[in-house]
Amino acid sequence: MLTVQLFASYAELFGAPILQVPFETGGTVADLVESIRSLPAGRGLPASPRIAVNRKFAPPTQLLSKSDEIAVIPPVAGG
Amino acid sequence: MLTVQLFASYAELFGAPILQVPFETGGTVADLVESIRSLPAGRGLPASPRIAVNRKFAPPTQLLSKSDEIAVIPPVAGG
Amino acid sequence: MKRAAVVTTPVDPAALIAEVQSNELGAISVFVGTVRDTNEGRTVTSLDYSAYTSMAESELREILDEAETRFGVTAIAVEHRIGPLLLGDVGVAIAAAHAHRQAAIQCTSFVIEEIKKRVPIWKLEHYADGSHEWVDPTEMKAATT
Amino acid sequence: MKRAAVVTTPVDPAALIAEVQSNELGAISVFVGTVRDTNEGRTVTSLDYSAYTSMAESELREILDEAETRFGVTAIAVEHRIGPLLLGDVGVAIAAAHAHRQAAIQCTSFVIEEIKKRVPIWKLEHYADGSHEWVDPTEMKAATT
């Protein structure tokens with residue numbers, strides 16, 4: 001399993017600030033997004049939400065490992 | 001005569017903050033500049049110094065009258 | 001000095017100006033973002049900023065590094081406040097000092113634009129009608145501030 | 001509110017920010033010019049600004065009117081100090097508030113550029129070697145601040 005942080009509207013959508021998502025070795029950011037969108041609340045996400053890995057935005061092709069710090073980033077509205 | 005205010009480097013050049021310059025009715029800004037530049041210290045001025053009439057920059061063709069507030073404006077350096 | 005922080009206490013633009021100022025640098029450009037009373041035609045009464053704080057500070061630092069590369073600005077400070085804010089409160093302040101005024105101004109403009117694009121901070125607006133909403137700038141008809 | 005003044009007392013950027021700020025306007029852009037310790041390679045120890053004050057204030061007001069026409073900025077304050085200034089002292093400060101950040105930033109940039117072109121204020125620099133000189137930006141090799 002991967003631990004995924006949620007924030008703001010996405011935390012409200014899933015009713016929790018953290019998700020545990022099934023994960024197979026060799027999986028990518030795109031695979032993770034697919035897993036999250038297959039959850040009951042996942043349809044509320046856009047098709048390609050921004051994913052941060054170890055506090056940096058990650059492309060869909062990036063490989064994930066269990067030790068990564070992973071977050072789904074809603075549209076930002078700072079400033 | 002016209003009363004002409006001088007500032008900063010131009011006041012230093014002429015050694016005074018005010019000049020009295022000969023003036024004929026119908027004279028323009030360009031005529032005034034010529035009169036000032038014909039004074040002993042006047043050669044230290046650029047060929048076309050900026051002239052303010054009644055607190056606004058004036059073109060060389062502008063007619064002058066004795067009641068005008070006239071000043072020769074050195075290169076500005078505010079800000 | 002370059003400093004980026006996400007804070008929970010009031011942001012003081014004057015303190016940021018003092019922080020970047022030095023006798024070598026004659027031009028200081030500052031941007032201050034405050035809480036507005038309307039957004040998209042709705043009356044705002046207060047808001048809550050939240051952040052993925054560790055990443056937000058990391059992104060802010062990266063933006064300042066990019067600003068240094070682009071504009072040569074080495075004296076710059078930015079603070080973004082999170083938590084509950086009232087109308088008129090300062091949400092973000094940026095101060096950049098440089099020998100040349102246009103470098104300072106363009107740097108500040110760059111930093112606020114980048115913050116709006118990629119620093120993970122979110123805004124929950126509370127409206128006069130009792131409702132609230134997470135602001136999604138990608139859905140807005142026009143940029144507001 | 002639009003306000004332009006030539007003053008003989010210290011300029012406080014924070015006071016200008018407070019003056020233009022309101023709950024309707026979320027973006028405030030500020031420019032602060034301070035006294036640098038070098039100019040064109042010479043060590044500056046202090047300076048004196050002098051002005052044709054009545055015309056300077058009139059030109060400043062005209063610049064603010066033009067800024068309103070160009071950028072729609074109605075909340076703007078500018079102060080230029082004259083008299084003796086020490087290193088680090090604020091010589092000029094501009095604060096402009098607007099609903100949109102780029103309007104505020106471009107307005108501030110416009111105002112400082114126009115001040116440099118046409119507001120009758122002059123700078124007498126005192127150097128470490130005991131000499132002094134009226135600064136003539138039209139003769140300088142490059143813009144400095």
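Residues numbered from 1 in each chain as written. Chains lettered and ligands numbered in written order. Predicted model: local features only at pLDDT ≥ 70, side-chain atom pairs only at ≥ 80, totals over all residues. Heavy atoms only, no water.

K.L.:
Which residues make up unusual backbone geometry, and what values do they have?
P.N.:
Positive phi, normally seen in glycine, also occurs at Arg 55 of chain A, with a value near 70 degrees. Tracing the backbone shows Arg 55 of chain A in the loop between β3 (50–53) and β4 (56–58). Its relative accessible area of 34% is what places Arg 55 of chain A among the partly exposed residues. Notably, Glu 40 of chain C is not glycine yet its phi reads approximately 50 degrees, a positive angle. With respect to the helices, strands and loops of the structure, Glu 40 of chain C is situated in the loop between β3 (38–39) and β4 (42–51). By relative accessible area, which is 31% here, Glu 40 of chain C ends up partly exposed. (Helix = DSSP H or I, 4+ residues; strand = E, 2+ residues; numbered from the N terminus. Buried < 20%, exposed > 50% of the residue type's maximum accessible area, 1.4 Å probe, protein only.)

K.L.:
Give a description of the interface of chain B and chain D that names residues and reports values.
P.N.:
On the chain D side, the residues contacting the 19 residues of chain B number 27 residues. On the chain B side of the contact with chain D, Arg 55, Val 76 and Gly 79 of chain B bury the most area, a combined 33% of that side's loss. For the pair chain B and chain D, the number of links is 1 salt bridge. Between Lys 56 of chain B and Glu 62 of chain D there is a salt bridge; the shortest N-O distance is 2.9 Å. (Contact = heavy atoms within 4.5 Å. Buried area = accessible area lost by both parts, 1.4 Å probe. Salt bridge = Lys/Arg side-chain N within 4 Å of Asp/Glu carboxyl O.)

K.L.:
I'd love a proper account of the arrangement of the chains, names of residues and values included.
P.N.:
Once contacts are tallied for each of the 3 pairs of chains in contact, the highest total is for chains C and D. The two units chain A and chain B remain apart, with a minimum C-alpha distance of 28 Å.

K.L.:
Report on the interface of chain D and chain C, specifying residues and quantitative values.
P.N.:
Taken together, the contact pairs 34 residues of chain D with 34 residues of chain C. For the pair chain D and chain C, the summed buried surface comes to about 2900 Å²; carbon and sulfur atoms form 48% of the total. Note that Arg 101 of chain C and Glu 113 of chain D form a salt bridge whose closest N and O atoms lie 2.8 Å from each other. Applying the counting criterion to the chain D and chain C interface returns 21 residue pairs in polar contact (both at pLDDT 80 or more). At 8 residues, the largest contribution of residues to the side of chain D that touches chain C is made by strand β2 (residues 27–34) of chain D. Looking at the side of chain D that touches chain C residue by residue, the class counts come to 15 nonpolar, 13 polar and 6 charged. Sheet topology places strand β2 (residues 27–34) of chain C next to β2 of chain D; 7 bridges connect them, and they run antiparallel. Following the sheet pairing, Val 32 of chain C is matched in β2 of chain D by Ile 28 of chain D. (Polar contact = N/O pair within 3.5 Å; in protein donor to acceptor, adjacent residues only side chain to side chain. Nonpolar A, V, L, I, M, F, W, Y, C, P; charged D, E, K, R; others polar. Pairing = 2+ DSSP bridges.)

K.L.:
Quick rundown of the sheet that holds strand β2 (residues 18–21) of chain A? Include the residues and the values.
P.N.:
What the 5 strands build is an open sheet, ordered β2-β1-β5-β3-β4 (chain A); its pairing is mixed. Looking along the sheet, the strands with just one partner apiece sit at the ends: β2 and β4 of chain A. Here the average twist between neighbouring strands, direction ignored, is 35 degrees. Note: strand β1 (residues 2–6) of chain A against strand β5 (residues 70–73) of chain A, 3 bridges, orientation parallel. Considered in β5 of chain A, the bridge of Gln 5 of chain A is made with Ala 71 of chain A. Here helix α2 (residues 53–71) of chain C sits on the sheet and contacts β3, β4 and β5 of chain A; the angle it forms with β4 of chain A, its principal contact strand, is near 95 degrees. (Axes fitted to C-alpha atoms, helices over the stretch in contact; angles between N-to-C directions.)

K.L.:
I'd like to hear about the pattern of salt bridges, residue by residue, with values.
P.N.:
Applying the stated rule across the entire model yields 28 salt bridges over all chains. A salt bridge links Glu 133 of chain C to Arg 42 of chain C, with the nearest nitrogen and oxygen atoms 3.1 Å apart. Of this pair, Glu 133 of chain C sits in strand β9 (residues 132–134) while Arg 42 of chain C sits in strand β4; the two residues are 91 residues apart in sequence, bridging distant segments of the chain. Overall, Glu 133 of chain C belongs to the partly exposed group, its relative accessible area being 40%. Through salt bridges that share partners, Lys 56 of chain A together with Glu 59, Glu 62, Glu 66, Glu 114, Lys 117 and Arg 118 of chain C make up one connected network.

K.L.:
Give me the lowdown on the packing of α2 of chain C against helix α3 (residues 101–118) of chain C, citing residues and values where you can.
P.N.:
Residue and element names in this part refer to chain C. Running from N to C, α2 and α3 point in directions that differ by 145 degrees, and their axes come no closer than 10 Å. The element α2 and its partner α3 pack so that their crossing is right-handed. Mapping the contact onto sequence places Glu 59, Leu 60, Glu 62, Ile 63, Leu 64, Glu 66, Ala 67, Arg 70 and Phe 71 in α2 and Ala 103, Gln 106, Cys 107, Phe 110, Val 111, Glu 114, Ile 115 and Arg 118 in α3. In the contact of α2 with α3, the residues fall into 10 nonpolar, 1 polar and 6 charged. (Left-handed = near helix turned anticlockwise from the far one by under 90°.)

K.L.:
An account of the side chain of Lys 123 of chain D is needed here, citing residue identities and associated values.
P.N.:
Topologically, Lys 123 of chain D is positioned in strand β8 (residues 121–127). No salt bridge forms around the buried Lys 123 of chain D; measuring N to O, its nearest opposite-charge neighbour Glu 125 of chain D is 4.1 Å away. Excluding anything up to four places from it in sequence, Lys 123 of chain D contacts Ala 77 of chain B together with Leu 47, Asp 48, Tyr 49, Glu 133, Trp 134 and Val 135 of chain D. (Lys, Arg positive; Asp, Glu negative; His and termini not counted.)

K.L.:
Account for the nonpolar core, naming residues and giving values.
P.N.:
The biggest cluster of nonpolar side chains holds 62 residues, and the ones touching the most others in it are Val 111 and Ile 115 of chain C together with Val 111 and Ile 115 of chain D. With residues near it in sequence (within four places) discarded, Val 111 of chain C still touches Ile 63, Leu 64, Ala 67, Ile 76 and Ile 94 of chain C. Of all hydrophobic cores here, the second largest spans 32 residues; its members include Leu 16, Val 32, Ala 75 and Ala 95 of chain D. (Core = buried A, V, L, I, M, F, W, Y, C linked by side-chain atoms within 4.5 Å.)

K.L.:
Got a sec to walk through the environment of Glu 12 of chain A? Specific residues and values, please.
P.N.:
Tracing the backbone through its elements, the reader meets Glu 12 of chain A in helix α1 (residues 8–14). Take Glu 12 of chain A: its relative accessible area is 49%, and that puts it in the partly exposed class. Distance from Glu 12 of chain A to Thr 25 of chain A, taken between C-alpha atoms, is 29 Å for residues 13 residues apart in sequence. With residues up to four places along the chain from it excluded, the contact list for Glu 12 of chain A reads His 132 and Trp 134 of chain C.

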